[in-house]
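Coordinate analysis (summary)
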Amino acid sequence: MRRSLWLLALLLAAVLAAGLPAAARTAVRHVVVLSADGARADAGAAYTWSARTTLPSTTLPSHVSMLSGVGTAVHGVRVNTWSPGQGYLDRPTAFTVAAGAGMATAAFVAKAKLRYLLPPAAVRHVAVLPFPRADQAEVARRAASYLEEARPHLLFVHVADPDAEGHRAGWMSEPYRRAVARLPDTVQVLRDALDRLGAAYLLILTADHGGHGRVHGSADPQDVTIPWIAWGAVSPGPLRRPVVTYDTAATVVAALGLAVPAGWQGTPVLLPAGGP
């Protein structure tokens, strides 16, 4: 346990947040977004992280913001449930932008309600791997295998272990900390697969929300403060600007060399021209 927390601290502190350097502004070949459901920003090490999610700080509204580039006041999704009969999100997302440019997209998620963000016309391959039958190690293994086989330009990976343990045992409880402490291994599985592809890539680790006690959804800083970390075609170091979850969508689109849709509130997390 102590070694796992140390590894998490080392990995996350080294690239607490990062921007694409001016020298790497050309489009990357692969972008992977790993969402660790319920991962509080202070869960793994004694660092202050300042990325923010939207309200309500619950799974579906927050993921809509993460991938659609706008806050809840714009996309209007405030409920945390979905069924196939309700249809799919009727807004541009990182998936629809990438698919519209002829790029391949895929998603591996631990909660079926996230299919709301994954219309078949925009996402070529969707796998729902519910926790606990598939923990983050299994989700990462399956996603990495598909990544190497199909080589999608955009891959979204969602794991639910931290959220499940937060609701069961409490945020910052020992079981919750163990779930977060396994994130470095989850990240490494995806990084290894990306490295083997031998092309420029961007891997983002973030979360939809945090939590306190056994709940989340409020404006409490413990609920709305989230991590935002990037590896690959990045310049390591702390960000010099605030980050909001809807900046993730803009960063994904820009990293793929595509134009950020007009009307998105999110902006790419990039360093200014000429370096930091």
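One can find the structure itself at the top, above this paragraph.
**Here's the deal with the packing of helix 5 (residues 136-150) against helix 8 (residues 183-197)**
With their axes 9 Å apart at the nearest point, helix 5 and helix 8 run at an angle of 10° to one another. It follows from the interaxial angle that helix 5 and helix 8 lie roughly parallel. Residues Gln-136, Ala-140, Arg-141, Ala-143, Ala-144, Leu-147 and Glu-148 of helix 5 pack against Leu-183, Thr-186, Val-189, Leu-190, Ala-193, Leu-194, Arg-196 and Leu-197 of helix 8. Residue classes in the contact of helix 5 with helix 8 are distributed as ten nonpolar, two polar and three charged.

**Examining the sheet that holds strand 4 (residues 105-109)**
Spatially, the six strands line up as an open sheet ordered 5-4-6-2-7-9, and their pairing is mixed. Taken across any chain shown, the strands that pair with only one partner, and hence form the sheet edges, are strand 5 (125-128) and strand 9 (228-232). If you compare each strand with its neighbour and ignore which way they point, the axes differ by 10° on average. Pairing geometry for strand 4 and strand 6 (residues 154-159), over four bridges, is parallel. The residue bridging Ala-107 from the neighbouring strand is Phe-156, located in strand 6. Where helix 2 (residues 59-68) meets the sheet, its contacts fall on strand 2 (30-36), strand 6 and strand 7 (201-206), and the angle it forms with strand 6 comes to roughly 160°.

**Notes on unusual backbone geometry**
The omega torsion of the bond from Leu-55 to Pro-56 falls at -5°, within 30 degrees of zero and hence cis. Along the polypeptide, Pro-56 turns up in the loop between strand 3 (51-52) and helix 2. Residue Phe-131 is joined to Pro-132 through a cis peptide bond whose omega torsion reads 10°. Topologically, Pro-132 is positioned in the loop between strand 5 and helix 5.

**Re the environment of Pro-227**
Following the sequence through the fold, Pro-227 ends up in the loop between strand 8 (225-226) and strand 9. Judged by relative accessible area, which is 5%, Pro-227 ranks as buried. C-alpha of Pro-227 to C-alpha of Ala-39: the two residues are 188 residues apart in sequence and 7.5 Å apart in space.

**As for the pattern of salt bridges**
Enumeration over the complete set of coordinates arrives at six salt bridges. In this structure, Arg-142 engages Glu-138 in a salt bridge whose closest nitrogen and oxygen atoms are separated by 3.8 Å. Of this pair, Arg-142 and Glu-138 both sit in helix 5, four residues apart, roughly one helical turn. You can call Glu-138 partly exposed: its relative accessible area is 24%.

Conventions and cut-offs
- Residues numbered from 1 in each chain as written.
- Predicted model: local features only at pLDDT ≥ 70, side-chain atom pairs only at ≥ 80, totals over all residues.
- Heavy atoms only, no water.
- Axes fitted to C-alpha atoms, helices over the stretch in contact; angles between N-to-C directions.
- Helix = DSSP H or I, 4+ residues; strand = E, 2+ residues; numbered from the N terminus.
- Parallel < 35°, antiparallel > 145°, perpendicular 65-115°, else oblique.
- Contact = heavy atoms within 4.5 Å.
- Nonpolar A, V, L, I, M, F, W, Y, C, P; charged D, E, K, R; others polar.
- Pairing = 2+ DSSP bridges.
- Buried < 20%, exposed > 50% of the residue type's maximum accessible area, 1.4 Å probe, protein only.
- Salt bridge = Lys/Arg side-chain N within 4 Å of Asp/Glu carboxyl O.

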